[in-house]
Amino acid sequence: MTVLTTPRLLLQPFDDHHLDGLRLLNTDLQVMRYVTGRAETPEETAALIARVKASWMELGHSWWAFIDRATGQLIGSGCIQHIQRDPVNPLEIGWRLLPAVWGKGYASEAALAMAGFAFEVLAAPQLVAVCHQENLDSAKVMQKLGMTYRGIERWYNTDTTVYGMHREEWFSRQ
Ligand SMILES: CC(C)(COP(=O)(O)OP(=O)(O)OC[C@H]1O[C@@H](n2cnc3c(N)ncnc32)[C@H](O)[C@@H]1OP(=O)(O)O)[C@@H](O)C(=O)NCCC(=O)NCCS
């Protein structure tokens with residue numbers, strides 16, 4: 001399990017003590033609008049933490065809680081995981097933030113650290129990111145990370161916007 005540090009954030013692999021913070025995040029309908037469109041139930045959040053802890057142990061990657069280093073508050077979460085959680089699929093990067101901290105660059109800051117982890121620690125050959133076609137805020141984070149638009153593809157039972165980046169592109173942008 002790998003903790004990542006950025007100028008303003010600590011990225012901590014999900015653990016039981018993140019439950020309250022993740023409940024707040026994953027029941028916010030602004031946050032969930034383009035994710036599942038509904039609030040996560042308490043049972044689902046507990047199951048999520050258990051599944052993520054197991055994934056860290058088995059695969060060496062999964063979801064992090066984003067902790068504001070100045071306040072200690074959980075302000076978001078993000079992941080490196082196989083798309084649709086199927087190991088035959090490439091790794092995807094993802095993020096979500098509490099609406100109170102949107103527009104401050106936290107997602108992009110965390111994304112840089114998570115992508116670095118994927119390419120430099122996991123030696124991923126490529127990284128993809130998918131979002132709802134109307135989720136322009138998320139697509140913007142993908143663009144700022146240096147990812148390239150790949151098109152519309154069907155993932156998670158949805159026709160999603162797909163961005164991608166190969167490891168050569170990551171290392172040539174350093
Ligand atoms: C997607 C999401 C994480 C993007 O959050 P965000 O705050 O817009 O993204 P960033 O952290 O990159 O912040 C970028 C903005 O902060 C501004 N900013 C302010 N201070 C900054 C700083 N120090 N560094 C960088 N950017 C900064 C940028 O100018 C930019 O503003 P703009 O969008 O007006 O151009 C957020 O909208 C979200 O949580 N949505 C709901 C969940 C979701 O849909 N997740 C994705 C599922 S695919």
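All figures in this text were calculated on a predicted structure; none of them were measured in a lab.

A. Representation of helix α1 (residues 19-26). Among all positions in α1, only G21, L22, L25 and N26 are buried. All buried residues of α1 fall inside an arc of 115° around its axis, so they share one side. Counted as exposed and oriented over 90 degrees from the buried face of α1: D20 and L24.

B. Representation of the site of the ligand in the model. Close to the ligand lie 20 residues, the nearest being L97, G103, A107, S108 and N135. Here an oxygen atom of the ligand sits 2.7 Å away from a polar atom, N or O, in the main chain of G103. Residue S108 places a side-chain N or O atom 2.4 Å away from an oxygen atom belonging to the ligand. Against a free-state accessible area of 950 Å², the protein chains account for coverage of 69% of the ligand. When residues of the shell around the ligand are traced back to their parent elements, those giving at least two are β5 (91-97), α4 (106-121), β6 (126-131) and α5 (136-145). Looking at the shell around the ligand, the element that brings in the most residues is α5, giving 5 residues. Across the shell around the ligand, the residue classes break down as 9 nonpolar, 5 polar and 6 charged.

C. Geometry of the nonpolar core. Core analysis: the largest hydrophobic core is formed by 49 residues, its most contacted members being L11, W64, F66, I93, M114, L127 and M147. If you tally residues by element for this core, the top one is α4, at 10 residues. Leave out the neighbours within four places in its chain, and L11 touches T2, V3, L4, T6, W64, A65, F66, A110, A113 and M114. I83, V128, V130 and V162 belong to the second largest nonpolar core, which has 5 residues in total.

What counts, and at which threshold
- Every chain's residues receive numbers from 1 upward, in the order its sequence appears when written.
- Predicted model: local features are reported for residues with pLDDT of at least 70 only, side-chain atom pairs are reported and counted for 80 or more only, and whole-chain, interface and lining totals are derived from all residues.
- The side-chain values count all of the structure's non-hydrogen atoms but skip hydrogen atoms and water molecules.
- Exposure categories follow from relative accessible area, calculated using a 1.4 Å probe and restricted to protein chains: below 20% of the type maximum is buried, above 50% is exposed, and the middle band is partly exposed.
- Only DSSP runs of H or I covering at least 4 residues are called helices, and only runs of E covering at least 2 are called strands; the numbering of each starts at the N terminus.
- In this description, one arc is meant: the one made by directions from the helix axis to the C-beta atoms.
- Distances are taken per atom, and a residue is near a molecule or strand as soon as one of its heavy atoms is within 4 Å of it.
- Definition of a polar contact: a pair of N or O atoms within 3.5 Å, with one able to donate and the other able to accept a hydrogen when the atoms are protein atoms, and with sequence-neighbouring residues admitted only if both atoms are side-chain atoms.
- With residues, only the protein chains shown are counted as cover, and all accessible areas are computed by Shrake-Rupley using a 1.4 Å probe.
- Under the convention adopted here, Pro, Cys and the residues Ala, Val, Leu, Ile, Met, Phe, Trp and Tyr are nonpolar, Asp, Glu, Lys and Arg are charged, and Gly plus all remaining residues are polar.
- As used in this record, nonpolar core signifies buried Ala, Val, Leu, Ile, Met, Phe, Trp, Tyr and Cys residues forming a set joined through side-chain atoms within 4.5 Å.
- Any two residues whose heavy atoms approach within 4.5 Å are treated as being in contact.

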